[in-house]
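# Survey of secondary and tertiary structure
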Number of protein chains: 2
Amino acid sequence: MKNFSITGTYTDLYQLTMAQVYYLTGKNDQKAVFDYFYRRHPFDGGFTIFAGLGTLLEVLQDIHFTQDDIEYLKQNGLNADFTDSLKDFKFTGTIHAVKEGEVIFPNEPVLRLEGTIIEAQIVETLLLNILNFQSLIATKAARIRSVSGDKVLSDFGLRRAQGTGGYYASRAAFIGGFNSTSNVKAAMDFGIPAVGTMAHAFIQSYDDELTAFRDFAIHRPDNCILLVDTYDTLKSGVPNAIKVAREMKERGQNLLAVRLDSGDLSYLSKKVRKMLDDAGFHEVKITASNQLDEWVIKSLEDQGAPIDIFGIGTSLVTGAPDAALDGVYKLSFSGGKPRIKLSENLKKLTLPDMKQVHRVMNDDGNFFGADVIIKADEQAPDIMFHPSEPDKSLSLKGMKQEALLHKVLENGKLIATSPSLLEVATYCQKRLGQLPDEHKRFYNPHVYKVGISDTLLKERNELRSQYKK
Amino acid sequence: MKNFSITGTYTDLYQLTMAQVYYLTGKNDQKAVFDYFYRRHPFDGGFTIFAGLGTLLEVLQDIHFTQDDIEYLKQNGLNADFTDSLKDFKFTGTIHAVKEGEVIFPNEPVLRLEGTIIEAQIVETLLLNILNFQSLIATKAARIRSVSGDKVLSDFGLRRAQGTGGYYASRAAFIGGFNSTSNVKAAMDFGIPAVGTMAHAFIQSYDDELTAFRDFAIHRPDNCILLVDTYDTLKSGVPNAIKVAREMKERGQNLLAVRLDSGDLSYLSKKVRKMLDDAGFHEVKITASNQLDEWVIKSLEDQGAPIDIFGIGTSLVTGAPDAALDGVYKLSFSGGKPRIKLSENLKKLTLPDMKQVHRVMNDDGNFFGADVIIKADEQAPDIMFHPSEPDKSLSLKGMKQEALLHKVLENGKLIATSPSLLEVATYCQKRLGQLPDEHKRFYNPHVYKVGISDTLLKERNELRSQYKK
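Within each chain, residue numbers correspond to sequence positions counted from 1 in written order. Chains and ligands are labelled by the order in which they are written, letters from A for the one and numbers from 1 for the other. Residue-level local features of this predicted model are given only where pLDDT is at least 70; pairs of side-chain atoms are given and counted only at 80 or more, and the full residue set underlies all totals for whole chains, interfaces and linings. Computation of side-chain values: all heavy atoms of the structure, hydrogens and water removed.

The condition that has to hold: UniProt positions are given in the numbering used here, feature names are shortened, and annotations may be inferred rather than shown by experiment.
An unreviewed UniProt entry annotates chain A as Nicotinate phosphoribosyltransferase originating from Fulvivirga marina. Per UniProt, the comment on chain A under Sequence similarities (unreviewed entry) is "Belongs to the NAPRTase family."

Right, dumping it as structure tokens:
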């Protein structure tokens, strides 16, 4: 496997065929504006977490075409003058975005990219690829966090992740509220705490469980977690773990936890807790893994399962069952004019022009439950309208509004140092704390309102009439 | 974003904590054997395609720990003698595997890895990560191919793929039967034909559709495909495409296709076909995209929709709705002894020792519908037994058997040049052709039998009794 890095060819070919036509028709410098938004919350939930911005900004600052890229494109039928021009390609655009870790809602532009139409098209695919995936996983992680109180959540997913996608899944899981990961490379590169215990194979490689536990405790005394379900959890694993815990205590060490990886986790965790407590090991924690997701954890918590640490793999890192966020990137301005994409379906009609999003706030600092999309140069409006049901409106008179889109990149350069991953994760939990509970419900969550200003509504409707002719 | 390459830290931390204990207890050279297998077909289907082997072998030949990796591990609590030993780490094991592109079934070991227990554990995570994902996607692609006859199938998925996982998804899709991809980097690195047309944004960036089509046809005359649904497919898009097709013809060029990306694809493709035919453009093809999967394509084909090229994105590259294959890696031999993992569930009991898999063949060269797992040094057996229902057996007397596991890596070195991706894809279609149709049905497919030999059954049961004591 070659070293893999994201260069200009990390895109759909059509971006380059379109770019070729723009180039050959002299539109190199034509300015365009694109919005990134999505249409439906994943997991039938009531909110989505915006993630991937840090990764995107790193990629955009370095994006270029290698000589190999250019040769390949030339040999595959692209115009030589155009492909030669890609030698000097770099991203020089300007980006406004909501903060990474923000709680976001369907159809509002959470990122606005201004640049030449060529650069804006070429980076579309990587932008969607990064934001769609990390937002999906951060949202899954936030859902899991929402039912886990302050218990420890660890990402165990790399083995079932979608190839190298697992690397970024670990990043996004941390943003959504996870504490740690088993993925060493992600831990190292993103500064996430790494955790690791033992597999069944370790115990199987010994003739008996007790010797395996002893060897592990002696040679890995810090953060020692023993896996107790290889033979028989209650009759063999836990009694052996308690023996080893006593031996560790005599050496002045502490067993951190035992791990359950099969069976009924509620039943077993209660039995195991009692056995540990009866032996005086109140401080030894219980870790559980095996096909966990937000639904199973919620049910375990409802049943009072005394589990301290959850290890979550497949469903977290693949964002199952949805597996994708439906984010799109739509042209809203080019050639000096606002643009829309028509659709028979009024819900899929796009919004023209450069825009801002305001979040309506309650006096107590929590979200009121409504965002309003306005033109970028517009003042906070007094009223918002439903984008596809024009007789529905909501008065915003006297309510506080917070602008969500901030400039993060100007002419290809960062405006300020990006926040650390921990700062992003902290911001995410803060914002989730401001979101009323009714939007966090798993079943039939309350719909958060996203409206548009009168000015924007009029501009869109005028454009629509023009195009219809 | 740093350049990303798979090094030794592309693993779960527990592989390294276990390896540390093996190292510190003097088991550096202890040999171990692990089997890779999975338990359930994805998509409730009747078969799975084995993919990712080529990628895995490339990675294993190059796997190492960088100085940064080692520093990180040392600073994060691993033993310094152990981490220093990783400076010289390389993979020196031997691998037997079924051919990449093979049709495989649950619970049979499709890859056997022999090596030191340390190297075998360290590479577990990357092995599972690569094989699980590519096998999932190749299987999805093969399902889509199975309902698409010889129509052209293109992967359009990168924008909704799970981050950089999309790169390998394109590789796996080609193995499963896709013809091309929009993903330029994957096309370039894996030698897959790249395809690309135009997005709605291209047309929106012009004041009118006809001028956009004309510019595109003039500056990208080869493989020219026009997207016809931006304003109104039947009233604007297709009539404009026909005008441009006439202009191209006058220049001695041909319009390759029109593309539909919304609306009812069956209804629209029939109308569009008639309009093209009435204008004399019988050779202009129809491309369709928009939320396609094997079910939608089957239904379009059943209704006789005259679509020539399908572009499939999200469901292909994420393997939705499953999003993961449940492949596992289990110890079967170590410290000079066969090993099993016990389970209350007889179905989850693992098989000990070094094994081979035989496929039972009909005289006509097709699969009979049964594979038998035997010991590696065993002759073709005359009878096979159900692994968890011991009163069920099947006579194999006089039937041809084909050994599926072949040595591909010996002491870390390739045995022979790996097949090209096209050879792998060709093999996959050949093997699917040998699989009886009843196993390819989407609803309730016939279960392919996987049995074990008498010798292996006895060895497993003896080990089980020993452990139970």
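## A word on the relation of the copies chain B and chain A
Each of the two chain copies can be generated from the other by rotation about an axis followed by a shift along it. Rules: To superpose the copies, least squares is applied to the C-alpha atoms of every residue with a pLDDT of at least 70 in both. What makes two residues a contact is simply this: any of their non-hydrogen atoms within 4.5 Å.
The transform that puts chain B on chain A rotates by 180° and translates by 0.0 Å along the axis, for an RMSD of 0.0 Å. Taken together, the rotation and translation describe the operation of a two-fold axis. Nearest to the rotation axis, the C-alpha of B:Gly165 is located 2.2 Å from it, this being the minimum over chain B. Of the residues that chain B buries at the interface, 100% are likewise interface residues in chain A, meaning the two copies contact each other through the same surface.

## Some remarks on the UniProt feature "domain: Nicotinate phosphoribosyltransferase N-terminal" (unreviewed entry) in chain A
Counted only if it meets this: Numbering of helices and strands runs from the N terminus, with a helix taken as a DSSP run of H or I at least four residues long and a strand as a DSSP run of E at least two residues long.
Cross-referencing UniProt, the feature "domain: Nicotinate phosphoribosyltransferase N-terminal" (unreviewed entry) maps to residues 11-132 of chain A in the present numbering. Its end C-alpha atoms 15 Å apart, residues 11-132 of chain A is made of 43% helix and 17% strand.

## What about the pairing of strand β15 (residues 367-375) of chain B?
Residues and elements named next belong to chain B. To be explicit about the condition: Relative accessibility thresholds used throughout: buried, under 20% of the residue-type maximum; exposed, over 50%; partly exposed, between the two (1.4 Å probe, protein chains only). Paired strands are those between which DSSP finds at least two bridges.
In terms of residue burial, β15 counts as a mostly covered element, since eight of its nine residues are buried. Where strand β14 (residues 355-361) folds back onto β15 in an antiparallel hairpin, the turn is made up of five residues, including Gly365, whose phi is positive at roughly 90°. Pairing of β15 with strand β21 (residues 449-452) involves four bridges; the strand directions are parallel. Across the sheet, Val372 pairs through a bridge with Gly451, a residue of β21.

## Considerations on the packing of aromatic side chains
What characterises a pair of aromatic rings is the spacing of the ring centres plus the angle enclosed by the ring planes. Our working rule: Centre distance within 6.5 Å is the pairing criterion for rings of Phe, Tyr and Trp, where only the six-membered ring of Trp is used; planes under 30 degrees apart are then read as stacked, over 60 as edge-to-face, and the remainder as tilted.
Scanning the entire structure with this criterion turns up 26 aromatic pairs over all chains. On the basis of an interplanar angle of 45° and a centroid distance of 4.8 Å, the ring pair of A:Tyr167 and A:Phe190 is categorised as tilted. Here A:Phe190 lies in helix α8 (residues 184-190) and A:Tyr167 lies in helix α7 (residues 165-176), a separation of 23 residues in the sequence. One exposure class covers both A:Tyr167 and A:Phe190, and it is buried. Within the aromatic cluster, the residues linked to one another by ring pairs are A:Tyr22, B:Phe202, B:Tyr206 and B:Phe216.

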